[in-house]
Amino acid sequence: MKIARSLSILGLVCLASAANAAEKLTVYSYRQAFLIDPILENFTKETGIDVEVVFSKKGIAERMVREGRLSPADIVLTSDFSRLMELVDKELVVQASSEVLNNNIPTKFRSPDDNWYSLTMRVRNVYSSKERLGKLAIDYEDLSDPKYMGKICTRSGKHPYNISLVASMIAHHGEAETRSWLEGLKANLARKPQGNDRAQVKAVKEGLCDIAIGNSYYLGKMLQDPKQVPWAESVEINFPNQANRGSHINVSGMALAKYAPNKENAIKLMEYLSGDEAQKAYAEVNYEYPINEDVAPSELVASWGDFKADSLPIFKLAEYHKTAVKLLDQVKFDL
């Protein structure tokens with residue numbers, strides 16, 4: 001009887017452990033803790049599901065390849081579209097069919113086969129010196145115009161944000177015309193590509209260049225940093241191509257891991273991240289545009305004005321990603 005009771009108790013302990021394990025999720029995240037942690041804490045309060053996060057700036061796909069079927073990752077959060085495509089190319093994510101996700105996220109911002117979803121979007125803006133150029137009605141195509149020779153600053157062409165922009169140019173103009181555009185843009189650079197998006201705005205403030213290419217949300221972040229406020233206040237934020245196709249946008253995103261141990265709860269978290277509360281947090285904390293059309297941008301972001309976005313489906317960028325990298329190499333953009 002003692003042996004039977006002990007086994008029974010052991011069985012209950014195992015069942016309890018299994019139940020607890022099922023109420024825990026593991027997230028691999030390229031996004032930073034200051035943004036993600038508060039959102040996930042609220043998810044846990046609402047659902048009772050604990051979330052452990054592994055933050056990384058690089059190498060998540062390689063880690064998941066090494067871990068294989070033993071990977072604890074349930075969801076991957078990315079800061080840009082290129083990271084999503086890396087996961088897809090390495091066959092590390094699977095379909096996460098959900099009516100809630102499909103209702104919250106417009107078709108053009110998710111994979112046709114539901115194996116990745118966008119979470120936020122940002123514009124690839126053109127910033128201009130208030131003092132030397134003022135507000136501009138400008139197209140991306142204008143950046144190769146010789147009138148801007150020696151006036152443009154940008155980060156590496158190989159950064160995912162710029163690769164995405166080049167991919168969109170290929171989608172609209174073809175490979176040959178985009179190569180010519182890249183050659184013209186390179187000729188107009190005031191210095192070799194370097195630094196991050198904020199460093200380009202700083203360079204405008206310091207008079208090194210008159211135009212900077214950068215994402216929209218960095219302007220909001222600079223305005224919250226006393227040291228960087230003068231940089232932000234030295235530029236106008238311009239939304240390119242408003243008279244034609246609209247401004248290029250990039251996205252952050254999420255995907256369900258191929259070997260997710262807790263798929264059902266993982267999809268619950270994905271649905272939460274696309275919902276009103278989490279989308280509002282993304283908008284208020286990081287000045288990104290919510291992907292959920294029912295959620296408004298932050299007051300600061302709204303003050304920059306409405307804009308027309310490029311209607312090119314995000315998944316189309318994937319088709320031209322490799323060609324974009326090839327062209328950047330051919331024109332030796334960063335050298």
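None of these values were measured; they are calculated from a predicted model. (Residues numbered from 1 in each chain as written. Predicted model: local features only at pLDDT ≥ 70, side-chain atom pairs only at ≥ 80, totals over all residues. Heavy atoms only, no water.)

### Section: the overall build of the chain
Worth spelling out the cut-off: Starting at the N terminus, helices and strands are each numbered in turn, a helix being any DSSP run of H or I of at least four residues and a strand any DSSP run of E of at least two. We take the radius of gyration over the C-alpha atoms and set the globule estimate at 2.2 Å times the residue count to the 0.38 power. Categorising residues by exposure relies on relative accessible area from a 1.4 Å probe, with only protein chains included: less than 20% of the type maximum marks a residue as buried, more than 50% marks it as exposed, and the intermediate range marks it as partly exposed. Only heavy atoms matter for contacts: two residues are in contact if any of them lie within 4.5 Å across the pair. Throughout, the Shrake-Rupley method with a 1.4 Å probe supplies accessible areas, and for residues the shown protein chains are the sole cover considered. In summary, the charge assignment counts Lys and Arg as positive and Asp and Glu as negative, without counting His or the chain termini. Where a charge lies is defined by one atom per residue type, namely NZ (Lys), CZ (Arg), CG (Asp) and CD (Glu).
Counting its secondary structure elements, the chain contains 14 helices and ten strands. Taking 335 residues into account, the globule formula puts the C-alpha radius of gyration at 20 Å, and the chain, at 22 Å, falls close to it. Residues counted as buried form 50% of the 335 residues belonging to the chain. Within the chain, contacts between residues at least 6 apart in sequence are counted, and of these 79% link residues at least 24 apart. Accessible surface computed for the chain: about 15300 Å², of which carbon and sulfur atoms make up 52%. Of the charged side chains in the chain, 42 are positive and 44 negative, and the gap between their average positions amounts to 6 Å.

### Quick notes on the domain arrangement of the chain
Quick reminder of the rule: All domain edges in this entry derive from an automatic or database-based domain assignment. What counts as buried area is the accessible surface, traced by a 1.4 Å probe, that two parts surrender upon association, with contributions from both included.
Examined at the domain level, the chain breaks down into domain 1 (25-121 + 250-303) and domain 2 (123-248 + 313-331). Put simply, the middle of domain 1 and the middle of domain 2, counted by C-alpha atoms, are 26 Å apart. With 18 residues of domain 1 at the interface, the matching set in domain 2 holds 18 residues. For the pair domain 1 and domain 2, the summed buried area comes to about 1600 Å², and 66% of that belongs to carbon and sulfur atoms.

### Here we look at the UniProt feature "binding site: Fe cation" (unreviewed entry) in the chain
Going by this rule: UniProt positions are given in the numbering used here, feature names are shortened, and annotations may be inferred rather than shown by experiment.
Residues annotated by UniProt as "binding site: Fe cation" (unreviewed entry) correspond here to Tyr217 and Tyr218. Taking the relative accessible area as the measure of exposure, Tyr217 reaches 4% and is therefore buried. Sequence-distant contacts of Tyr217, that is, excluding residues within four places in its chain, are made with Arg122, Tyr161, Asn286, Tyr287 and Glu288. Among the structural elements, Tyr218 can be located in helix α9 (residues 217-222). Excluding anything up to four places from it in sequence, Tyr218 contacts Arg155, Tyr161, Asp197 and Arg198.

### Side note on the nonpolar core
One broad rule of soluble globular proteins: the nonpolar side chains tend to lie buried together. Rule in force here: As used here, the term nonpolar core means buried Ala, Val, Leu, Ile, Met, Phe, Trp, Tyr and Cys residues forming a set that is joined through side-chain atoms within 4.5 Å.
With 98 residues, the main nonpolar core has Met64, Leu143, Trp181, Met254, Leu269 and Leu273 as its most contacted residues. Ranked by residues supplied to this core, first place goes to helix α6 (residues 160-173) with seven residues. When neighbours within four sequence positions are excluded, Leu269 is seen to be in contact with Leu25, Val27, Leu40, Phe43, Val51 and Ile75.

### Side note on the pattern of salt bridges
Oppositely charged side chains may form a pair once their charged atoms are brought near each other. The line we're drawing: Each reported salt bridge corresponds to a side-chain nitrogen of Lys or Arg within 4 Å of a carboxyl oxygen of Asp or Glu.
Within the structure shown, the criterion is met by 16 salt bridges. Close ionic contact of Asp210 with Lys151 constitutes a salt bridge, the shortest N to O distance being 3.4 Å. Residue Asp210 is found in the loop between α8 (197-205) and β7 (211-215), and its partner Lys151 is found in the loop between β5 (117-129) and β6 (152-153); the two are separated by 59 residues along the sequence. According to the relative accessible area criterion, Asp210 is buried, its value standing at 10%. Take Lys151: its relative accessible area is 28%, and that puts it in the partly exposed class.

### Let's talk about the environment of Ala243
The residue Ala243 is located in the loop between β8 (235-238) and β9 (249-257) in this model. Using a relative accessible area of 78% as the deciding quantity, one classes Ala243 as exposed. In sequence terms Ala243 and Asp276 are 33 residues apart; their C-alpha atoms lie 32 Å from each other.

### Examining the environment of Gln330
This is how it is decided: Identification of polar contacts relies on pairs of N or O atoms within 3.5 Å, with a donor-acceptor requirement for protein atoms, meaning one able to donate a hydrogen and the other able to accept it, and with residues adjacent in sequence counted only if both atoms are side-chain atoms.
Among the structural elements, Gln330 can be located in helix α14 (residues 314-330). Placed 173 residues apart in sequence, Gln330 and Gly157 show a C-alpha to C-alpha distance of 12 Å. Here Arg179 takes part through its side chain, which lies 2.9 Å from a polar atom of the side chain of Gln330.

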